[in-house]
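For reference, the chains in residue letters:
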Amino acid sequence: MQPQPITLDAVLVIEDDPVVRRRISRLVAGIAEPDARIVDVDCLASARSSLREHPFALALVDVQLPDGSGIDLIAWMQQHAAGTQAVIVSAWAEEEIILAGVRAGAIGYLLKERDDAEILMSLKSLREGGAPIDPMIARRILALLPAVMATPAAAAPRETGQGRFPVRARARNPGTGGAGVQQSRDGGPVVVVPAHH
């Protein structure tokens, strides 16, 4: 499935710190559509109420709110506001929180501590179908993935007529180690994942 651009015409900012909430709302207003509806709330209850009342293209969600978890809200949104994409904007960068946010349905993860230019660049990527992930968060996510062996030059992917690279996945023999990329009999790449026991 191709990532879809997000039109910043209706954005919900969910943040309990009033200074941060105003800052994020101001940044969004600077890049949103001219007649965009930007709503900011300070708790889960208000967020749920807003999501029930109006459709939003995007929700920028803090993780820790006075009445619960922003991650729980994102999971709730999958059932009750499925048309709204969620990006976490948080001060938390622990692996468990990052993974929980992604599992709940977040399409991005930004850190509040970044300067305005960095956050703006990340938010602008949404309009082109990007998934804004803070570089430090991306590095942590990559560290959690199994190491992938470098593809030898002979096994480099070849482009097909449709402009795509044919890739097949198969389980690696448990006795041979972790994940990697191997060459198939026809010379195309095969992404190898560890077998589960």
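All values reported here derive from a predicted model rather than from experimental measurement. (Residues numbered from 1 in each chain as written. Predicted model: local features only at pLDDT ≥ 70, side-chain atom pairs only at ≥ 80, totals over all residues. Heavy atoms only, no water.)

Chemist: I'd love a proper account of helix α3 (residues 70-80), names of residues and values included.
Modeler: Among all positions in α3, only Gly 70, Ile 71, Leu 73, Ile 74, Trp 76 and Met 77 are buried. You can read the cap of α3 off the contacts: a side-chain oxygen lies 3.0 Å from the backbone nitrogen of Ile 71, and it is on Ser 69. (Buried < 20%, exposed > 50% of the residue type's maximum accessible area, 1.4 Å probe, protein only. Helix = DSSP H or I, 4+ residues; strand = E, 2+ residues; numbered from the N terminus. Polar contact = N/O pair within 3.5 Å; in protein donor to acceptor, adjacent residues only side chain to side chain.)

Chemist: So what's going on with the pairing of strand β6 (residues 85-90)? Residues and values would help.
Modeler: Taken residue by residue, a regular strand's side chains alternate between the two faces of the sheet. Among the six residues in β6, five count as buried, and that is most of the element. Pairing between strand β3 (residues 58-61) and β6: four bridges, direction parallel. Across the sheet, residue Val 61 finds its bridge partner in β6, namely Ile 88. Both β6 and strand β7 (residues 108-111) contribute to a ladder of four bridges, which runs parallel. Note on β7: the bridge partner recorded for Val 87 is Gly 108. (Pairing = 2+ DSSP bridges.)

Chemist: If you had to explain the nonpolar core to someone new, which residues and values would you point to?
Modeler: Generally speaking, a soluble globular protein has its nonpolar side chains buried in company with each other. Within the largest apolar cluster, 28 residues are counted, with the highest numbers of intra-cluster contacts made by Leu 12, Ile 14, Leu 51, Leu 73, Met 77 and Tyr 109. Taken together, the elements giving at least two residues each to this core come down to β1 (10-14), α2 (44-53), β3, α3, β6, α4 (95-104) and β7. The greatest single-element share of this core, amounting to five residues, is contributed by α3. Judged by nonpolar contacts, the second largest core, of 19 residues, contains Ile 31, Ala 32, Leu 60 and Leu 110. (Core = buried A, V, L, I, M, F, W, Y, C linked by side-chain atoms within 4.5 Å.)

Chemist: Before we move on, could you go through the packing of α2 against α3 and cite the residues and values that matter?
Modeler: Interhelical geometry of α2 versus α3 gives an angle of 20 degrees and a closest axis separation of 11 Å. In terms of their interaxial angle, α2 and α3 are classed as roughly parallel. Pair α2 / α3 crosses with right-handed handedness. The residues of α3 that touch α2, namely those facing Leu 44, Ala 47, Arg 48, Leu 51 and Arg 52, are Gly 70, Leu 73, Trp 76 and Met 77. Across the contact of α2 with α3, the residue classes tally to six nonpolar, one polar and two charged. (Axes fitted to C-alpha atoms, helices over the stretch in contact; angles between N-to-C directions. Parallel < 35°, antiparallel > 145°, perpendicular 65-115°, else oblique. Left-handed = near helix turned anticlockwise from the far one by under 90°. Contact = heavy atoms within 4.5 Å. Nonpolar A, V, L, I, M, F, W, Y, C, P; charged D, E, K, R; others polar.)

Chemist: Which residues make up the environment of Ile 141, and what are the values?
Modeler: Residue position: Ile 141 is located in helix α6 (residues 135-144). Separated by 42 residues in sequence, Ile 141 and Leu 99 place their C-alpha atoms 8.0 Å apart. Apart from the residues within four sequence positions on either side, Ile 141 is in contact with Ile 98 and Ile 133.

Chemist: Lay out the packing of aromatic side chains with the relevant residues and their values.
Modeler: What the rule picks out here adds up to zero aromatic pairs. It is Arg 37 that lies over the ring of Phe 56; its NZ or CZ is 4.5 Å from the centre. The ring of Trp 76 carries Arg 48 above its face, with NZ or CZ at 5.4 Å from the centroid. (Phe/Tyr/Trp six-rings, centres within 6.5 Å; stacked < 30°, edge-to-face > 60°. Lys NZ or Arg CZ within 6 Å of the ring centre and 35° of its normal.)

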